[in-house]
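# Overview (structure and organization)
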Amino acid sequence: MTAASAAPVQQGKVTVTDFSLSYDTLEGPVDAVHDASIHVDPGEFISIIGPSGCGKSTLLNAVAGFLKPTRGGVAVDDDPVAGPSADRGMVFQQYSLFPWKTVRENVEFGLKMKGMERSKRETSARTLLGLAGLLAFENQYPDNLSGGMKQRVGIIRALATGPKVLLLDEPFGALDAQTRLIMQQILTNMWQRLKTSVLFVTHDIDEAIFLSDRVYCMTARPGTIKAEVAIPLERPRHQSMMMSSEFLALRRGLMSLIREESLKAIGGEVNDIALQGLDIDLHGRSLADVI
Amino acid sequence: MDGAARKLTQTVAPSPVTGTAPPALASVPQPMPARLTIGLVRRWLALHRGELRALAIGAISLALFLLAWHLLTKYRVTAHVRFVNVPSPEMVLDSLMRVTRDNKFLMHVYLSCRRILIGFAIAATIAVPLGLVMGRFRLVREIVFPVSEVLRPIPAIAWVPMAIMLWPTNEESIIFITFLGSFFPILLNTLHGMTMVDPVLIRAAQCLGAREAAIFREVYFPATLPHVFTGLTVGMGVAWVSLVAAEMISGQFGIGYFTWEAYSLVQYADIALGMICIGVLGLGSSALIRGLGRLAMPWAKK
């Protein structure tokens, strides 16, 4: 960690090439994700957005090493991914802290697995907890924390081992709108300090734009990469930027991409033209989620 | 008693610290500490209202039970159910006073407790690891589960003749019955706990570099612990049921034997005494396990 902040990182390159994942049904194999290719350059913050069930989480789980691609390859720093490892830290949507470990013990877990001695890992964990403003809660059990705190612990636990890539699967999906904004700011600040590569999955368009250097937009089943959008907003970023014309233009663009896919995802049941007559504000969420 | 409520009062009212302080602060006028103490007591009462209420109602209910028992036996009520020969609470109390002075009764109690301890300890030592391994490895589960499902519904008491044949001494067969009674609840609850482990925690551990042994030790085991303790509590209850049945049939000592012998010897007060004694011991051993559970799982909310 200290080494990472001292020198610019030259690791953490993620390459997903022609990735397909299919599952077997009675009618034969069905592709959940089809020929998806993405890449994350070292230190980059990349988001994947798309309607529910488009396979964005599948893609992330494959990078984590939980799923094997049916075709194509996943590599981190040109090493093919063989299974989960501490190279790729992950934050899940469901709070995944160990309830039987205190906040500090949770953060220490990865270091303990690395075989680091107790006093050393205690110091590291405390440094990170201080960074996240959670030092006062180090001896609490996770059940005593709010959702936002739990997710902050989840993030620093994933960062504690100094992973090459941080993978986040809709980490703020269960939080209320205000907490979510604060968490986005905290994540940006941490990322700017640590410069770890980040692959972030969300269905919140505003969140994707605010956080990312680039955004991949996925189609509905089978999931494919529909578009890759660069986010040229300058850093450091602040919540106030979300009202800028530049931000809103990006938002409009991504919104129409997603909208098309969401309508496809929910099938022919809802007529796009009928919806145009209504003035529905989806708050950046896909129609499939709203319904 | 829960931590959140206690924490809340500490932040809302900082006075408990000053309230309990000795009157060493001479400059403070005398009535102040007293008033603070009254306030403290009042706050404590308000906080623990639910528990005090339960305690009071529990005491009243027990008293009513004793009163009903007393009246039913005093007037020798006979309404199809006959209380003619049923000992009154006073007689049982007399019996208790007499019996505690003689070593024989204490010997019965001691032997029963020893049998429970040995039988239950063996059951826990085998059933908990077996349940954990069965939960983790499908092959082991597929092999052991059918056998355990066939044996499980057989009540421990039905094992008595078989146990007498199997084991060379009476003592061993009684312990075996006790073991059998507690074994299956512990095994099944442990196994159930293993299937309830949140897969996301396993994946989180893998992402943090944990390997098989570490995942077992750091995730599966603590995640299953609440269910293990449920199994131990249930198993302890069944152990007493089985023990008493076995002692009544094949024993020469033990509290179950004491109760049965009292019936044969027409010492009716001792029957009730034996029953109450079994109840109290069962209650005590369950409470002991709950206490151990609380020590082993400081993270669990009460």
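Calculation rules
Residues numbered from 1 in each chain as written. Chains lettered and ligands numbered in written order. Predicted model: local features only at pLDDT ≥ 70, side-chain atom pairs only at ≥ 80, totals over all residues. Helix = DSSP H or I, 4+ residues; strand = E, 2+ residues; numbered from the N terminus. Contact = placed C-beta atoms within 7 Å. Pairing = 2+ DSSP bridges. Buried ≥ 20, exposed ≤ 12 C-beta atoms within 10 Å, placed from the backbone. Right-handed = clockwise from strand over helix to strand, strands pointing away. pLDDT = per-residue confidence, 0-100. Domains from an automatic or database assignment. Nonpolar A, V, L, I, M, F, W, Y, C, P; charged D, E, K, R; others polar. Core = buried A, V, L, I, M, F, W, Y, C linked by C-beta atoms within 7 Å.

Broken down by element type, chain A carries 10 helices and 10 strands. Within chain A, counting contacts between residues at least 6 apart in sequence, those at least 24 apart form 72% of the total.

What follows concerns the sheet that holds strand β1 (residues 14-25) of chain A. Residue and element names in this part refer to chain A. Taken together, four strands build an open sheet; the order of strands is β2-β1-β4-β5 and the sheet is antiparallel. Pairing within the sheet leaves two strands with one partner each, and these edge strands are β2 (28-40) and β5 (79-80). In this sheet, β2 lies alongside β1 in antiparallel orientation, the contact comprising nine bridges. By the bridge assignment, F19 is partnered in β2 with A36.

With that settled, consider the pairing of strand β8 (residues 197-201) of chain A. Residue and element names in this part refer to chain A. Within β8, five of the five residues are buried, which leaves the element mostly enclosed by the surrounding structure. Bridging between strand β3 (residues 45-49) and β8 involves four bridges; their strand directions are parallel. In the strand pairing of β8, I46 is matched with L199. With five bridges joining them, strand β7 (residues 165-169) and β8 adopt parallel strand pairing. Pairing of L168 across the sheet is with F200, part of β8. Remark: the β7/helix α6 (residues 177-194)/β8 crossover connection has right-handed handedness.

Residue-level contacts link 21 residues of chain A with 14 residues of chain B. Listing elements by their share of the side of chain A that touches chain B, those giving two or more residues are β6 (88-91) and α3 (103-113) of chain A.

Residue and element names in this part refer to chain B. Mapping Y220 onto the fold places it in helix α11 (residues 212-250). Classification of Y220 by C-beta neighbours within 10 Å gives partly exposed; the count is 19. In this structure the C-alpha to C-alpha distance between Y220 and G282, which are 62 residues apart in sequence, comes to 30 Å.

This part takes up the confidence of the model for chain B. Residues and elements named next belong to chain B. In this model, chain B carries a mean pLDDT of 87, and residues with pLDDT of at least 70 account for 89%. A low-confidence stretch, residues 1-26 stays under pLDDT 50, and its non-local contacts, those more than four residues away or across chains, total 16 contacts. Under the prediction, the complex receives an ipTM of 0.84, its pTM being 0.80.

Below, the discussion takes up the pairing of strand β9 (residues 214-218) of chain A. All names here are of chain A. The element β9 is largely enclosed, with a buried count of four among its five residues. Across four bridges, the pairing between β3 and β9 is parallel. When the bridges of β9 are listed, I49 appears paired with C217. Bridge analysis of β9 against strand β10 (residues 225-230) gives five bridges, and the strand direction is antiparallel. Bridge pairing in β10 places V215 opposite V229.

For the rest of this paragraph, the subject is the domain arrangement of chain A. All names here are of chain A. Looking at chain A, the domain boundaries give domain 1 (2-87 + 163-290) and domain 2 (102-159). Every contact between the two is made by 14 residues of domain 1 and, on the other side, 10 residues of domain 2. Sort the elements by how many residues they give to the side of domain 1 that touches domain 2 and α6 lands first, with six residues. Of the residues contributing to the side of domain 1 that touches domain 2, the split by class is 12 nonpolar, two polar and no charged.

Further remarks concern helix α12 (residues 255-264) of chain B. Residues and elements named next belong to chain B. Those residues of α12 lying buried are I255, G256, Y257, F258, T259 and A262. For α12, the secondary structure elements touched by its buried residues are α6 (103-136), α11 and α13 (268-296). The positive-phi residue at the C-terminal boundary of α12 is V266, with phi of around 55 degrees.

By size, the foremost hydrophobic cluster in this structure holds 79 residues, and its most contacted members are L59, V63, L167, L199 and L254 of chain A. Sort the elements by how many residues they give to this core and helix α5 (residues 147-160) of chain A lands first, with seven residues. Those residues in contact with L199 of chain A that lie beyond four places of it in its chain are V14, V40, I46, L60, V63, V165 and L167 of chain A. L188, M194, A246 and L273 of chain B belong to the second largest nonpolar core, which has 51 residues in total.

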